[in-house]
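# Chains, contacts and geometry: an overview
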Amino acid sequence: MESESFNPASLPPGTRIGRWRLLEPCGRGTYGVVYRAESVEEAGGVVALKLALHPGDARFVREDELLSRIHHPAVPRLFDHGQWQPREGASYAWLVMEWIEGAALYDWALAQRPSSRQVLHLLARLARALEATHAAGGIHRDVKGENIRVRSADGQPFLMDFGSGHFLGASTLTWDSWPPGTSAYRAPEAWGFVLGPGKPPPVPYAPSPADDVFALGITAYRLVTGKYPPSPHPWGEDAWLWHPEKRALWTASTSNARCAPQLSALVSRMLSLRPEARGSASEVAEALEHAARKAGPEADVPLFTGEEARPAGLFPPLQRVTVRPPPPVARWPRFLAASLGAALALGAGVLSSTEAVEPHEKTHLAEREEEKDGGTIAVGDAALTAPVEPERAPSMWSAIRAELPPKPLPKQRRPDGDGRCSGKGLVAINGGCWVKQPVDLKDCDAVGGFAYKGACYVPVWARQRPPTSGPTSRDDAP
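Before going into details, it helps to say that this report is about the structure given with it. Remember, predicted model here, so these are calculated numbers, not experimental data.

Reading guide: rules and limits
- Residues numbered from 1 in each chain as written.
- Predicted model: local features only at pLDDT ≥ 70, side-chain atom pairs only at ≥ 80, totals over all residues.
- Heavy atoms only, no water.
- Helix = DSSP H or I, 4+ residues; strand = E, 2+ residues; numbered from the N terminus.
- Buried < 20%, exposed > 50% of the residue type's maximum accessible area, 1.4 Å probe, protein only.
- Contact = heavy atoms within 4.5 Å.
- Areas by Shrake-Rupley, 256 points an atom, 1.4 Å probe, with all protein chains shown as cover.
- Pairing = 2+ DSSP bridges.
- Axes fitted to C-alpha atoms, helices over the stretch in contact; angles between N-to-C directions.
- Phe/Tyr/Trp six-rings, centres within 6.5 Å; stacked < 30°, edge-to-face > 60°.
- Lys NZ or Arg CZ within 6 Å of the ring centre and 35° of its normal.
- Disulfide = S-S within 2.5 Å.
- Parallel < 35°, antiparallel > 145°, perpendicular 65-115°, else oblique.
- Nonpolar A, V, L, I, M, F, W, Y, C, P; charged D, E, K, R; others polar.

## Focus: the overall build of the protein chain
Broken down by element type, the protein chain carries twelve helices and 15 strands. A total of 478 residues make up the protein chain; the buried ones form 53% of that total. Within the protein chain, counting contacts between residues at least 6 apart in sequence, those at least 24 apart form 69% of the total. A total accessible area of about 22,200 Å² is found for the protein chain, and carbon and sulfur atoms account for 53% of it.

Put into structure tokens, the structure is as follows:
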């Protein structure tokens, strides 16, 4: 196989990787591609083989370790793993997992029109999967509808794609303020940590199991209503709706009168501003199971009539519930918005290089950019059963990217006295040190990068002086 033409995402059928034979590609993400495959040693049975797009990708090692620790019927089983060396000097990690034949969660809901009781049972099983993940010392970090499959044979849900996951003791792979995940599902405490008052944090936000529970709440809300709840982004124009006295304006049952009150109350619980008020995954699962048993006949009414308008196209824009506009609120002072602009760029992933944009307007640009369930940040591959996506048509939003800023970001490493940045792959641009990323510009936001001359660059942060006592570094472990 010639190295010039080699591409892990376009391997021909029949290619052997380990003891597996590839059948066809089924999905692709930023870091990995998924193939349907079969064993060359045993007859029958299709599996999902996830192959790294880049040599030496440590994400696959971490996903392998996390999946090997989790044993739950709602989590696909890990069958095999290894390193594939198609040519000398390049080794690509791969994983083989259980194949789940079914639909993505939100597509399943529109097609099957489940009742509140069915959704209670489904959410309880997913909460149990999170319970098993947390008990193993891990967190998923990207719970969302696109990472959940409902099996066609029996309607059982599966929590998929642990490529963004983490576990106690795992090494840090990135040092961005935002860990892997999807913006539309981030918990309020994550937004507050990165975009709170003061200077940008010198260390990344460390998600906890409570972040997974909140993301399950966002998933449940969209499952029941067809839309996202108001964004907890502190600079968003809908932030006022998270005040306790305003929560009743957008509960699940308010947005969808067919939703049973027991289900609506538990969705609101998972979306609590205070992490401790949400409860653990185990407590949430128990409450969901109890509600499914005790709910009355109203819980058996289908949540959808089948006449609901479905967004057109494969990539519908992110839509949120709408309520009556709030009274006028004061804008953030411009000097504060400017000082935190870099943090907002990393969080929202969008800056306009041609005109000034207010913080709440940046939020909406980011939401429009986040398509297909808020974007996919993980290894790839949320959709182990989804077809390969066709090329996306040009969009007016494709030009709105995070352009590289004209001056260094706060706490960014500066060039040495000779104007160069010492270190492998580091370059000096606009007074700061940057490193080029081997990703397409359309994926630059996902890695916290900035566009510059047709390529994606991420900032290199200055090393922090270690404290006089205690640990000298901080991992992004939960």
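Once the structure has been displayed, the description carries forward.
## A few points about the sheet that holds strand E5 (residues 78-87)
Overall, antiparallel pairing links the six strands, which are arranged E1-E2-E3-E4-E6-E5 in an open sheet. Every other strand in the sheet has two partners, leaving strand E1 (16-17) and E5 as the edge strands with one partner each. By the bridge criterion, seven bridges tie strand E3 (residues 32-39) to strand E4 (residues 46-52) in an arrangement that is antiparallel. For Glu38, the partnering residue across the bridge sits in E4 and is Val46. With respect to the sheet, helix H1 (residues 58-69) is in contact with E3, E4, E5 and strand E6 (90-98), its orientation differing from that of E6 by roughly 25 degrees.

## A closer look at unusual backbone geometry
The backbone of Arg113 shows a phi angle near 50 degrees, a positive value even though the residue is not glycine. Relative to the helices and strands, Arg113 resides in the loop between helix H2 (105-112) and helix H3 (116-135). A relative accessible area of 39% means that Arg113 is categorised as partly exposed. Phi at Asn430 takes a positive value of approximately 50 degrees, unusual for a residue other than glycine. Looking at where Asn430 falls in the secondary structure, it is placed in the loop between strand E12 (426-429) and strand E13 (432-437).

## A few points about the pairing of strand E9 (residues 148-151)
Relative to E9, strand E7 (residues 102-104) runs antiparallel, the two being bridged by three bridges. By the bridge assignment for E9, Ala103 is matched with Val150. In this sheet, strand E10 (residues 157-159) lies alongside E9 in antiparallel orientation, the contact comprising three bridges. When the sheet's bridge partners are listed, Ile148 is paired in E10 with Leu159. Here E9 folds back onto E10 in antiparallel fashion, the turn holding five residues, of which Gly155 has a positive phi close to 75 degrees.

## Considering the packing of aromatic side chains
Following the criterion strictly, the structure yields seven aromatic pairs and no others. Centroid distance Phe193 to Tyr205: 5.5 Å. Interplanar angle 55 degrees. Geometry classified as tilted. On the criterion of sequence distance, the pair formed by Phe193 in helix H4 (residues 188-195) and Tyr205 in the loop between H4 and helix H5 (209-225) is long-range, its members being twelve residues apart. Residue classification places Phe193 among the partly exposed residues on the basis of a relative accessible area of 32%. By relative accessible area, which is 9% here, Tyr205 ends up buried. Centre to centre, the rings of Tyr221 and Trp250 are 6.0 Å apart; their planes meet at 65 degrees, and the pair counts as edge-to-face. Of this pair, Tyr221 sits in helix H5 while Trp250 sits in the loop between H5 and helix H6 (252-255), and the two are 29 residues apart along the sequence. Like Trp250, Tyr221 is buried. Three or more aromatic residues link up through ring pairs in this structure, and these residues are Phe214, Tyr221, Trp242 and Trp250. The side chain of Arg36 reaches across the aromatic face of Trp99, ending 5.5 Å from its centre. Just above the ring of Phe158 sits the side chain of Arg125; from NZ or CZ to the centre is 5.1 Å.

## A look at the state of the cysteines
All chains considered together, the criterion is met by one disulfide. One disulfide in the model links Cys421 with Cys433; its S-S distance is 2.0 Å. Around the S-S axis, the bridge from Cys421 to Cys433 shows a dihedral of about -95 degrees and counts as left-handed. With a gap of twelve residues between them, Cys421 in the loop between helix H12 (359-369) and E12 and Cys433 in strand E13 connect regions that are remote in the sequence.

## A few points about the sheet that holds E7
On the basis of which strands lie adjacent, the open sheet formed by three strands has the order E7-E9-E10 and antiparallel pairing. Strands at the two margins of the open sheet, each flanked by one partner only, are E7 and E10. Going from strand to strand, the sheet's axes swing by 30 degrees on average, the running direction of each strand aside. Along the sheet face, H2 touches E7 and E9 and points at about 105 degrees away from the line of E7. Relative to E10, H3 is tilted by about 25 degrees, and along the sheet it contacts E9 and E10.

## Points about the packing of helix H7 (residues 261-270) against helix H9 (residues 281-294)
At a minimum axis separation of 10 Å, H7 and H9 run at an interaxial angle of 170 degrees. As summarised for this structure, H7 and H9 are arranged roughly antiparallel, according to the angle between their axes. On H9, the residues touching Gln262, Leu266, Arg269 and Met270 of H7 are Glu283, Val284, Ala287, Leu288 and Ala291. Per-class residue counts for the contact of H7 with H9 are six nonpolar, one polar and two charged.

## Looking at the environment of Trp191
With respect to the secondary-structure elements, Trp191 resides in helix H4. Look at Trp191 and you get buried, because its relative accessible area is 2%. In sequence terms Trp191 and Tyr205 are 14 residues apart; their C-alpha atoms lie 9.2 Å from each other.

## As for the pairing of E5
Successive side chains on a regular strand alternate, one facing one side of the sheet and the next facing the other. Sheet topology places E5 next to E6; seven bridges connect them, and they run antiparallel. Residue Asp80 lies in a different strand from E6, and its bridge partner there is Val96. Taking the residues between adjacent antiparallel strands as the criterion, E5 and E6 are bridged by two residues, where Gly89 takes a positive phi near 90 degrees.

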